[in-house]
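Structure at a glance
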Amino acid sequence: MKRAVTMGNFDGCHLGHQALFRSLKAVAEANNLCPTVISFEPHSNYVLRGPGNPLLLTTTEEKREFIESLGLEFVVLPFTRELAKLPFDEFIRKELIENLNVSSMFFGHDHNFGAGGKGNYETITAAFPELSTQMLSIVLHKGERVSSSAVRTALEMGDVERAQTYLGRPYRLTGNVVVGKQMGRTLGFPTANLQVNEYKFLPKGGVYVANARLADGRIFRSVLNIGTQPTTPGSHFMAIEAYLLDFNEDIYGQHLVLDLMGYLRPEQKFASIEDLVRQIGMDADTARNYNGNHWAE
């Protein structure tokens, strides 16, 4: 089956990317093509600039889960220095037409690739008249361009609600539950410590309302702390701890998804453990009553 494709890093899978995905799917279905998203992995800048530049809004598996949920095929194309040096026409002919049976391509308004960045909507349309090509216009939100940079800026301020307006869904942290200090259980608030991808972008440190989804699909409202645990004894490394409300099961080693819903307060060092416990209790009450993008009356 021939494919209609779009390709890129798609970090964040934000509303701009989603507009591209929708158009791709609609045209593919109308022409009996397989709608396919080709994702460069690792992020192309990791090869060109170095790992961790930029930190990832969406890991490969987070992208895969989201894109496949839209009914699109997700194909990973390993990005290497050799691939980056290929002239765009050679890349199109070898990787897309010959290897993936591509007959239609969709472009974002500013997408270019190949040696010297010479591959774009205009040059490809001219070089490959046999390909059907379409380019989407820029996507705006309240007059502002939707971009991965805009999402990062919002998250750096702890404004996960603003980030959500660009993403069309909550910002997500995923990983496995690992053993932490195990202090929460002794305080009456057992927490799940999440180990995320080493290059995952973390929002501003502090306390958040989150929805936690377990491997079996159950969802629990949670209080999430991103920070160094300054009040508790021992080492103070960056940790991601979620206190799941109305939950007390052993989930060590399990996969956990955290969707960030709202920012509560900065992380702080309390004068005593008792003060910390009191504040966590208040945070739990606030989280329990959190309702969308406003506080429940």
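Look above for the structure.
These lines cover the structure that appears in this document, whether it is placed above or below. Bear in mind that the values here come from a model prediction, so they are computed numbers and not experimental data.

Of all 9 residues that make up strand E11 (residues 219-227), 7 are buried, and the element is covered over most of its length. Summarising the sheet, strand E10 (residues 206-213) and E11 pair through 8 bridges and their orientation is antiparallel. What sits directly across from Asn211, in E11, is Arg221. Hairpin connection between E10 and E11: a loop of 5 residues separates the two successive antiparallel strands, and Gly217 in this loop has a positive phi of roughly 95°. In this sheet, strand E12 (residues 239-244) lies alongside E11 in antiparallel orientation, the contact comprising 6 bridges. Looking at E12, one finds that Gly227 is bridged to Ala239.

With their axes 7 Å apart at the nearest point, helix H7 (residues 148-156) and helix H8 (residues 160-167) run at an angle of 165° to one another. By the angle between their directions, the pair H7 and H8 is classed as roughly antiparallel. At the point where H7 passes H8, the crossing takes the left-handed sense. For the pair H7 and H8, the contacting residues are Ala150, Val151, Ala154 and Leu155 in the first and Val160, Arg162, Ala163, Tyr166 and Leu167 in the second. Of the residues assigned to the contact of H7 with H8, the class counts are 8 nonpolar, no polar and 1 charged.

Rules used in this analysis
Residues numbered from 1 in each chain as written. Predicted model: local features only at pLDDT ≥ 70, side-chain atom pairs only at ≥ 80, totals over all residues. Heavy atoms only, no water. Buried < 20%, exposed > 50% of the residue type's maximum accessible area, 1.4 Å probe, protein only. Helix = DSSP H or I, 4+ residues; strand = E, 2+ residues; numbered from the N terminus. Pairing = 2+ DSSP bridges. Axes fitted to C-alpha atoms, helices over the stretch in contact; angles between N-to-C directions. Parallel < 35°, antiparallel > 145°, perpendicular 65-115°, else oblique. Left-handed = near helix turned anticlockwise from the far one by under 90°. Contact = heavy atoms within 4.5 Å. Nonpolar A, V, L, I, M, F, W, Y, C, P; charged D, E, K, R; others polar.

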